[in-house]
Amino acid sequence: MRSYRKELWFQTEKRREFINITPLVEECLQESGIQEGLLLCNAMHITASVFINDDESGLHRDFERWLEKLAPEKPYDQYEHNVGEDNADAHLKRTIMGREVVVAITDGRLDLGPWEQIFYGEFDGKRRKRVLVKIIGE
């Protein structure tokens with residue numbers, strides 16, 4: 001069995017963004033040369049997420065509104081975590097959206113459903129953060 005590891009780095013312009021990283025993950029798979037196996041893709045920061053869903057702008061706006069209802073950014077003093085910080089909501093949003101995805105690799109391709117795409121979700125942006133891509137297989 002072979003393995004491959006790469007870090008993808010992001011720095012968003014806004015506090016919250018969703019970025020389709022499927023093409024970057026596909027590049028990693030091609031670099032790995034692995035034809036059959038599993039791919040793990042995870043955010044390595046506790047205020048960011050990796051998840052799979054549809055690349056549809058209306059859905060992304062729905063996510064934003066829904067997450068803001070569940071864990072509103074302001075007022076900052078509503079959270080015990082926000083002592084000298086203002087990102088408690090980002091920790092909660094990450095918990096809701098998840099840390100990682102695992103995708104099967106079949107015939108050298110990501111084995112995704114017809115509308116599935118891999119996204120990086122940033123909830124406390126404007127600074128460099130990384131995503132790990134780890135691939136194992138043959």
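Now for a description of the structure that goes with this document. (Residues numbered from 1 in each chain as written. Predicted model: local features only at pLDDT ≥ 70, side-chain atom pairs only at ≥ 80, totals over all residues. Heavy atoms only, no water.)

The next point concerns the pattern of salt bridges. On inspection of all chains with the given rule, the structure shows 17 salt bridges. Salt-bridge contacts for Asp86 lead to Arg15; the nearest nitrogen and oxygen are separated by 3.6 Å. Separated by 71 residues along the polypeptide, Asp86 in the loop between helix H2 (57-70) and helix H3 (88-97) and Arg15 in the loop between strand S1 (2-10) and strand S2 (17-20) bring together distant segments of the chain. For Asp86, a relative accessible area of 31% gives the class partly exposed. In this structure, Asp124 engages Arg127 in a salt bridge whose closest nitrogen and oxygen atoms are separated by 2.9 Å. (Salt bridge = Lys/Arg side-chain N within 4 Å of Asp/Glu carboxyl O. Helix = DSSP H or I, 4+ residues; strand = E, 2+ residues; numbered from the N terminus. Buried < 20%, exposed > 50% of the residue type's maximum accessible area, 1.4 Å probe, protein only.)

Mapping Lys6 onto the fold places it in strand S1. Take Lys6: its relative accessible area is 28%, and that puts it in the partly exposed class. Between the C-alpha atom of Lys6 and that of Cys28, which follows or precedes it by 22 residues, the distance is 7.3 Å. Every residue in contact with Lys6, bar those within four places of it in the chain, is listed here: Cys28, Glu31, Val131, Leu132 and Val133. Within the structure, Lys6 has its side chain in polar contact with the side chain of Glu31 (distance 3.2 Å). (Contact = heavy atoms within 4.5 Å. Polar contact = N/O pair within 3.5 Å; in protein donor to acceptor, adjacent residues only side chain to side chain.)

This paragraph deals with H3. Counting buried positions along H3 yields seven of 10 residues, so the element is predominantly enclosed. Turning to H3, its buried residues are Ala88, Asp89, Ala90, His91, Lys93, Arg94 and Met97. Among the structural elements, strand S3 (37-43), strand S4 (48-53) and H2 are those in contact with the buried residues of H3. Positive phi shows up at Gly98, right after H3, with a value of about 100 degrees.

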